Amino acid sequence: MSEVRLAAEPRTEFGKGAARRTRRDGKIPAVLYGHGSDPKHLALPAIEFARVVREQGQNAVLTIEINSTSELALTKTVTTHPIKNYIEHVDLLLVRQGEKVTVEIPVVITGEASPGTLVTQDASTLQVAVEALHIPEQFEVSIDGALAGTQILASEVVLAEGAELVSDPDTLIIAINVAPTAEDMEAGAEPGEAAAAPAEEESAGDEPTEG
């Protein structure tokens, strides 16, 4: 993941009205914090920052230039408007070269499981500790040819060199089961339930009845 330089301006006005004015000026309200320092309230260039998030995801590492100084920061939280989808606010975390940070990394499935199976991805991200300037974009998990009954846990995902798993190692990432038949779907039964029902009915019929 490459480093990006962005020029930021200090913010001296706060509150909803000030934030709206900042966004009207083509900037995004942001807070830079970490390492025990006082939070710095900034305004980031909206178009440039949106391009960084689009190209590098929400774990982008930025060199923030503030007046005559520069700070290395990790994009920690990006808040977007729920309807209009523009970026409302950004939290930035101060980092140092060589320092490890804890981030969420997307897990992407590759390959095709065996025919007649249903693939379910229970977790779409993994939390890992990784060096700030070497954050991977994603982790890939191959399910090529996997059979029904296969389960892939967090501990089985191959991480990038230097990354340490923070998520629970027993977290289920991918489960591969027998795909439901058309009859199962119509009956609303889980795979295997429909086949078990007749056997249960037959055994019930064998029980003696009281007269």
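Above this text you will find the structure in question.
Only a predicted model underlies this, so the values are computations on that prediction, with no experimental measurement involved.

Q: It is not clear to me how the overall build of the chain should be interpreted in this structure. Could you clarify?
A: If you tally the helices and strands in the chain, you get 4 helices and 13 strands. Here the chain, with 211 residues, has 34% of them falling under the buried criterion. A separation threshold of at least 6 residues defines the contact pool for the chain, and within that pool the share at least 24 residues apart is 62%. Only carbon and sulfur atoms are counted for the fraction: they give 49% of the accessible area of the chain, which is about 12700 Å².

Q: Can you help me understand the pattern of salt bridges in this one?
A: Should the charged atoms of two oppositely charged side chains come close, the side chains can pair. Enumeration according to the criterion identifies 4 salt bridges in this entry. A salt bridge links Glu9 to Lys27; its shortest N-O distance comes to 3.9 Å. With Glu9 in strand β1 (residues 4–10) and Lys27 in strand β2 (residues 27–34), the pair connects residues that are 18 residues apart, well separated along the chain. By relative accessible area, which is 23% here, Lys27 ends up partly exposed.

Quick notes on the rules
Residues numbered from 1 in each chain as written. Predicted model: local features only at pLDDT ≥ 70, side-chain atom pairs only at ≥ 80, totals over all residues. Heavy atoms only, no water. Helix = DSSP H or I, 4+ residues; strand = E, 2+ residues; numbered from the N terminus. Buried < 20%, exposed > 50% of the residue type's maximum accessible area, 1.4 Å probe, protein only. Contact = heavy atoms within 4.5 Å. Areas by Shrake-Rupley, 256 points an atom, 1.4 Å probe, with all protein chains shown as cover. Salt bridge = Lys/Arg side-chain N within 4 Å of Asp/Glu carboxyl O.

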